[in-house]
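# Close look at the chain arrangement
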Amino acid sequence: MKIHVTSIYVDDQQKAEKFYCDTLGFKVKSDLPVGENRWLTVVPDEQPEGTELLLEPSDHPAVKPYKEALVMDGIPAHSFQVKNLDAERKRLGERSVAFVQEPMDAGPVRMAVFDDTCGNLIQLIEMKDSNRD
């Protein structure tokens, strides 16, 4: 068993697609109309057959308070692993990504947190043990 699709609630799918693809470097995997919204998934460029991230509309009434509570408490909605956190921080900073937590050591990882512009905080982690992927 493996995770095939996981979702993140976004305020605006078009804005999320632009941020996740143009800014972060993901690629659209699926883009199908579903009523007023889309089944819109993205994948990392280096893992086109990997787990898909569904950019899920925040339409459900429970989503807004859930997302607001996570952001207020500084809890990331998702965690993405990178090979070199400092290089990724620099690259994203050059693309005007707003970091709410600069890179820091946290046990077996180095981590940083940024705002995805779609109502979520996203954590980046780099494993300190370079033999892990």
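Keep in mind that what you see is a predicted model, and the values were worked out from it rather than measured.

## Thoughts on the layout of surface pockets
The computed volume of the largest pocket comes to approximately 960 Å³. Surrounding the largest pocket, 31 residues form its lining, Pro-44, Glu-46, Gln-47, Phe-80 and Gln-81 being those nearest its centre. Looking at the lining of the largest pocket, the elements that each hand over two or more residues are strand E3 (37-44), strand E4 (52-57), strand E5 (78-81), helix H3 (85-94) and strand E8 (121-127). The element contributing the most residues to the lining of the largest pocket is E5, with four residues. When its residues are assigned to classes, the lining of the largest pocket shows 12 nonpolar, nine polar and 10 charged.

## Notes on the pattern of salt bridges
Following the criterion strictly, the structure yields 13 salt bridges and no others. Glu-94 is paired through a salt bridge with Lys-90; the nearest N and O atoms lie 3.7 Å apart. A residue pair is termed a helical-turn pair when its members lie 3 or 4 positions apart in one helix, as Glu-94 and Lys-90 do in helix H3 at four residues. Overall, the relative accessible area of 60% leaves Glu-94 in the exposed class. With relative accessibility at 57%, the residue Lys-90 sits in the exposed group. The shortest N-O distance in the salt bridge between Asp-105 and Arg-110 comes to 3.4 Å. Each of Asp-86, Asp-105, Arg-110, Glu-126 and Lys-128 takes part in salt bridges that share partners, so that together they form one network.

## Let's talk about the side chain of Ser-58
In this structure, Ser-58 sits in the loop between E4 and helix H2 (63-72). Polar contacts involving the side chain of Ser-58 include one to the main-chain carbonyl oxygen of Val-10, which spans 2.9 Å. The residues touching Ser-58, leaving out its near neighbours within four places in the chain, are Tyr-9, Val-10, Asp-11, Val-63 and Lys-67.

## Here's the deal with the pairing of strand E2 (residues 26-34)
Inspection of the sheet shows E2 paired to E3 by eight bridges, in the antiparallel sense. Looking at E3, one finds that Leu-32 is bridged to Trp-39. Connecting E2 to the antiparallel partner E3 that follows it, the hairpin turn spans two residues, and Gly-35 within it adopts a positive phi of roughly 60 degrees.

## Regarding the side chain of Arg-110
Counting through the fold element by element, Arg-110 comes out in strand E7 (residues 109-115). When residues no more than four places from it in sequence are discounted, the contact partners of Arg-110 are Leu-85, Asp-86, Pro-103, Met-104, Asp-105, Leu-124, Ile-125, Glu-126 and Lys-128.

## Regarding the packing of aromatic side chains
For any pair of aromatic rings, geometry is given as the distance between the ring centres together with the angle between the planes. Here the structure, examined in full by the defined rule, presents five aromatic pairs. Note on Phe-19 and Phe-114: the rings are 6.1 Å apart at their centroids and 45 degrees apart in plane angle, and the pair reads as tilted. Of the two residues, Phe-19 is situated in helix H1 (residues 13-23) and Phe-114 in strand E7; the sequence distance between them amounts to 95 residues. Each member of the pair, Phe-19 as well as Phe-114, carries the same accessibility label: buried. With a centroid separation of 5.5 Å and 55 degrees between ring planes, the pair formed by Phe-26 and Phe-80 is classed as tilted. Of this pair, Phe-26 sits in strand E2 while Phe-80 sits in strand E5, and the two are 54 residues apart along the sequence.

Parameters at a glance
- Residues numbered from 1 in each chain as written.
- Predicted model: local features only at pLDDT ≥ 70, side-chain atom pairs only at ≥ 80, totals over all residues.
- Heavy atoms only, no water.
- 1 Å grid on protein atoms, 1.4 Å probe; cavity = no way out; pocket = protein on both sides within 12 Å on 5 of 7 lines; lining within 4 Å.
- Points joined across faces, edges and corners; volume = space filled by probe spheres on them.
- Helix = DSSP H or I, 4+ residues; strand = E, 2+ residues; numbered from the N terminus.
- Nonpolar A, V, L, I, M, F, W, Y, C, P; charged D, E, K, R; others polar.
- Salt bridge = Lys/Arg side-chain N within 4 Å of Asp/Glu carboxyl O.
- Buried < 20%, exposed > 50% of the residue type's maximum accessible area, 1.4 Å probe, protein only.
- Polar contact = N/O pair within 3.5 Å; in protein donor to acceptor, adjacent residues only side chain to side chain.
- Contact = heavy atoms within 4.5 Å.
- Pairing = 2+ DSSP bridges.
- Phe/Tyr/Trp six-rings, centres within 6.5 Å; stacked < 30°, edge-to-face > 60°.

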